[in-house]
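Here is what each chain is made of, one letter per residue.
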Amino acid sequence: MTDREAKFEAMLQAIQQEYHTTLEKMEKLKAEDKTKTATYRQLLGDKLMLQNILTRYKTYGLLDEKGERR
């Protein structure tokens, strides 16, 4: 694996981790009935942005439909 490929892999891993962390925070706020807070809405925006990046990885064949690396 080249240095460039390693950097792409590190980026993918960081995005996946941030996406899952964001989902966990949203679930916690949802359980506390705080879905109308600024924090929840910011997390929703972050989730959509991260989801878009992961979708692009899938579009270019770098992830399969389950979000697994190819």
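In the block above lies the structure referred to throughout.
Heads up: these notes are all about the structure in this document. (Residues numbered from 1 in each chain as written. Predicted model: local features only at pLDDT ≥ 70, side-chain atom pairs only at ≥ 80, totals over all residues. Heavy atoms only, no water.)

1. Concerning the nonpolar core
And then number 1: Leu12, Ile15, Tyr19, Leu50, Leu54, Tyr57 and Leu63 form the largest nonpolar core, which has seven residues in total.
And then number 2: Secondary structure elements with two or more residues in this core: α1 (3-31) and α2 (38-59).
And then number 3: Sequence-distant contacts of Tyr57, defined by excluding residues within four places in its chain, comprise Phe8, Met11, Leu12, Ile15, Leu62 and Leu63. (Core = buried A, V, L, I, M, F, W, Y, C linked by side-chain atoms within 4.5 Å. Buried < 20%, exposed > 50% of the residue type's maximum accessible area, 1.4 Å probe, protein only. Helix = DSSP H or I, 4+ residues; strand = E, 2+ residues; numbered from the N terminus. Contact = heavy atoms within 4.5 Å.)

2. A closer look at the packing of α1 against α2
And then number 1: Two numbers describe how α1 lies on α2: the axes approach to 9 Å, and their chain directions differ by 145°. The element α1 and its partner α2 pack so that their crossing is left-handed.
And then number 2: Taken together, the residues that form the contact of α1 with α2 break down as 15 nonpolar, four polar and five charged. (Axes fitted to C-alpha atoms, helices over the stretch in contact; angles between N-to-C directions. Left-handed = near helix turned anticlockwise from the far one by under 90°. Nonpolar A, V, L, I, M, F, W, Y, C, P; charged D, E, K, R; others polar.)

3. Topic: α1
And then number 1: With 29 residues, α1 should cover 42 Å at 1.5 Å per step; its first-to-last C-alpha distance of 42 Å lies within 8% of that length.
And then number 2: Within the sequence span of α1, burial applies to Leu12, Ile15, Gln16, Tyr19, Thr22, Met26 and Leu29.
And then number 3: Those residues of α1 hidden inside the fold are in contact with α2.
And then number 4: Once α1 finishes, Asp33 follows within two positions and takes phi at roughly 55°, a positive value. (Expected span 1.5 Å × (residues − 1).)

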